[in-house]
There are 2 protein chains.
Amino acid sequence: MTDQLDAKVNDLSLKSEADPAAVEDDDQIVNPWEVVSKSEKGVDYDKLIKRFGSTRIDQALLDRFEKVTGHKPHHMLRRGIFFSQRDVHFILNCYETKKPFFLYTGRGPSSDAMHLGHLIPFLFTKWLQEVFDVPLVIQMTDDEKFLWKDLKVEEALRLTYENAKDIIALGFDVDKTFIFSDMEYIGSCPAFYRNMLKVQKCVTFNQVKGIFGFGDSDCIGKISFPAIQAAPSFSNSFPGIFGEKDTGKIPCLIPCAIDQDPYFRMTRDVAPRLGYPKPALIHSTFFPALQGAQSKMSASDPTSSIFLTDTQKQIKTKINKYAFSGGGTSVEEHREKGGNCEVDVSYQYLTFFLEDDEKLEQIRQDYSSGKLLTGEIKKELVTILQQLVAKHQERRKDVTLEVVKSYMTPRPLNEKKDK
Amino acid sequence: MTDQLDAKVNDLSLKSEADPAAVEDDDQIVNPWEVVSKSEKGVDYDKLIKRFGSTRIDQALLDRFEKVTGHKPHHMLRRGIFFSQRDVHFILNCYETKKPFFLYTGRGPSSDAMHLGHLIPFLFTKWLQEVFDVPLVIQMTDDEKFLWKDLKVEEALRLTYENAKDIIALGFDVDKTFIFSDMEYIGSCPAFYRNMLKVQKCVTFNQVKGIFGFGDSDCIGKISFPAIQAAPSFSNSFPGIFGEKDTGKIPCLIPCAIDQDPYFRMTRDVAPRLGYPKPALIHSTFFPALQGAQSKMSASDPTSSIFLTDTQKQIKTKINKYAFSGGGTSVEEHREKGGNCEVDVSYQYLTFFLEDDEKLEQIRQDYSSGKLLTGEIKKELVTILQQLVAKHQERRKDVTLEVVKSYMTPRPLNEKKDK
């Protein structure tokens, strides 16, 4: 495995001149299409923050967040899963002074089954929406998936609808959430297309080559796509939501995994030239594959993660069989030396899904000391994930096409309830 | 002037590796953004046909055209102004067997005032529409002009509407003509956007570099634009016209100046891979500038052509003052040696606008022999152009915004009247 990663990193290093952002470090690759790390601890996020030029979320920001919103920061914030940001203070200023802003996140619908990793930005965004009580737009980049994958237009669009059901099942407030398919919405909103054009006019091939590593043999659709992911950052891309008179000045906060940052670095670069505010960002780490933290999960490898379509039995089997263990090789060794939470995938998953801080800390101590065995920590995780997935599947059943359409119809989204 | 052209050709030759189609010959440049020739006779069209790989329109095609349609070929066909084609025989087959097809042409709205050269493809297309009795779509590439020029989105859109008035004033049948602004239509027709995407997926940066001469410092909007000019070649880009069930199999004939051919070479290359028929083409030569045939006219240089907004007096003054003369330097010399119709701009203009073959031939003979003086041939032309422009201005007055909107509303276009 290490050899393969070495080869991959080396291979990609060859095009580092064309792709400085994607391959700067020798030991990790992070871009919207690939996340590879040589370290068993996974990606070095400090390096990433330095390279991308974002800011680590510190205790002062968490304290201010709590003070301004009156909400204890989400466990994914407290635990550093959302770890990096740009201009979140500015968004808190807006909240504090009751100025409008909105949330924007998205998904590239490339497969029927979404996995646990896909949930992270959505679970967090849903919480942000509840805390801030602001409109949320969710972009389904089916055009991107059509361009990048061996997918037909119709299939990409079908996946948008399937994935939208999973997203809706997480419980987004229909009165404050607009989900849109690029393939449908671009063709139904001239204002969106005009913002695409404005971004496309400001960004050269040289720039997307540098930011995304595109090459001369890439199709022109890929080359101009970044403008499409940029456009929803500007509120006047949604006249149906913010009104025909909106001039694009309503600020936006984008929760996303940090591999999406290149799109928004580009967007932030362009925004002032277009007279729009720069979107603020809040970045998450990557959800580790069952096999370990060296890579993101792959929707095409069913053993690499837990899918929202998995049965209770599959969840149990996968965790027991594939979840990389940081425990000792034998019970004796484990009791003696303890487990390593830093690389133990079951423990890592618990940091994402076990909300109870005290219980998590107890598990950490017990596993580290050897008191808790690998089988036992896996059992904890299996129980939590079985509940989560069962509950999800239950709710998803109620998401009919009609419900999906209600989320996907452009319409004014409710303003803050206290207004 | 020759020095300047030399410098320009040499300068552009430097990027010939990136742009083989645009700069192959040493003595002329022809691409959608630039037409430059070192010869005073203008562009060498034989060379162009060879380079572009199109077919010269020969007598056999004209004979067949007349036989199949029952119409004498238009004077611009008879006189070789429309001189080159691709697959026109195929379109005649369709007409003969009563299979549906449609016409597609367009305009990049970069200025308020259209000049005589802009009229050529439209006048000819109008005639084709009358002969064939088929639907016509006219694309206004305001997005292209926004990307290429120092224009705001709103201004490009305004120019679309101004230019549409001029086009409509030529007398297109509202029951068979759909005019659309890219900036409006792309945002109101998902099917169009999907065809854009399909083309964008098939064409690489290398290809557009070769075909159009784009470079690394061009903006990503320019790089992906060719897909937008390709999309109207496919009938299912217009479900409002050809029906929701249309699968894009209705063939298309594109009348245009030959500088637009690169777009459609690309389109023809891509079409079979998408399961669509290749668009057929019929190409015109360039309408010469008043100063001579070495370049196309420029909308930004008011002395380079007659504009549709010119007064009767302006027309007379411009022709008398600027129209390059192929006559002798003195009356005596002219009477003795005669005039040169090949370079005389007034005579060239008459070939475009004087429909009477016999009268034109008489003028040619008299001017060549020296019997007709430069002032006299200019007077003939002034009279014709004054009438044409006055009539146009009169008709344009009646083109209200309401009329424009009737052309620009997607709707089923009437089938052949004899069906």
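Residues numbered from 1 in each chain as written. Chains lettered and ligands numbered in written order. Predicted model: local features only at pLDDT ≥ 70, side-chain atom pairs only at ≥ 80, totals over all residues. Heavy atoms only, no water.

It is worth spelling out the domain arrangement of chain A at this point. All names here are of chain A. As far as domains go, chain A holds domain 1 (10-289) and domain 2 (300-396). Taking only C-alpha atoms into account, the centre of domain 1 sits 29 Å from that of domain 2. The partner domain 2 presents 25 residues to the 25 residues of domain 1 that form the contact. Both sides together, the interface formed by domain 1 and domain 2 hides about 2200 Å², and carbon and sulfur atoms give 62% of it. Broken down residue by residue, the surface that domain 1 buries against domain 2 is led by Arg79, Leu116 and Ala169, which jointly contribute 26%. Two residues, Arg396 and Asp166, come together in a salt bridge whose shortest N-O distance is 2.8 Å. Applying the counting rule to domain 1 against domain 2 returns 13 residue pairs in polar contact (both at pLDDT 80 or more). (Domains from an automatic or database assignment. Contact = heavy atoms within 4.5 Å. Buried area = accessible area lost by both parts, 1.4 Å probe. Salt bridge = Lys/Arg side-chain N within 4 Å of Asp/Glu carboxyl O. Polar contact = N/O pair within 3.5 Å; in protein donor to acceptor, adjacent residues only side chain to side chain.)

This brings us to the pairing of strand S8 (residues 252-257) of chain A. Residues and elements named next belong to chain A. In terms of burial, S8 is a largely internal element, six of the six residues being buried. In S8, alternate side chains face the same way, and those of Cys252, Ile254 and Cys256 on one face and Leu253, Pro255 and Ala257 on the other are all buried. Bridge count between strand S5 (residues 102-107) and S8: two bridges; the pairing is parallel. Within the sheet, the bridge partner assigned to Phe102 lies in S8 and is Cys252. As defined by bridge partners, S8 adjoins strand S9 (residues 280-284) across five bridges and the pair is classed as parallel. Among the inter-strand pairings, Ile254 is bridged to a residue of S9, identified as Leu281. After leaving S8, the chain enters helix H15 (residues 261-274) and then returns to the sheet as S9, a path that is right-handed. (Buried < 20%, exposed > 50% of the residue type's maximum accessible area, 1.4 Å probe, protein only. Helix = DSSP H or I, 4+ residues; strand = E, 2+ residues; numbered from the N terminus. Pairing = 2+ DSSP bridges. Right-handed = clockwise from strand over helix to strand, strands pointing away.)

This part is about the nonpolar core. Counting residues in each nonpolar core, the largest one holds 245 residues, and the members touching the most others are A:Phe132, A:Phe192, B:Phe132 and B:Phe192. Every residue in contact with A:Phe192, bar those within four places of it in the chain, is listed here: A:Gln139, A:Phe180, A:Tyr185, A:Ile186, A:Ile228, A:Ala231, A:Pro232, A:Ser237 and A:Phe238. (Core = buried A, V, L, I, M, F, W, Y, C linked by side-chain atoms within 4.5 Å.)

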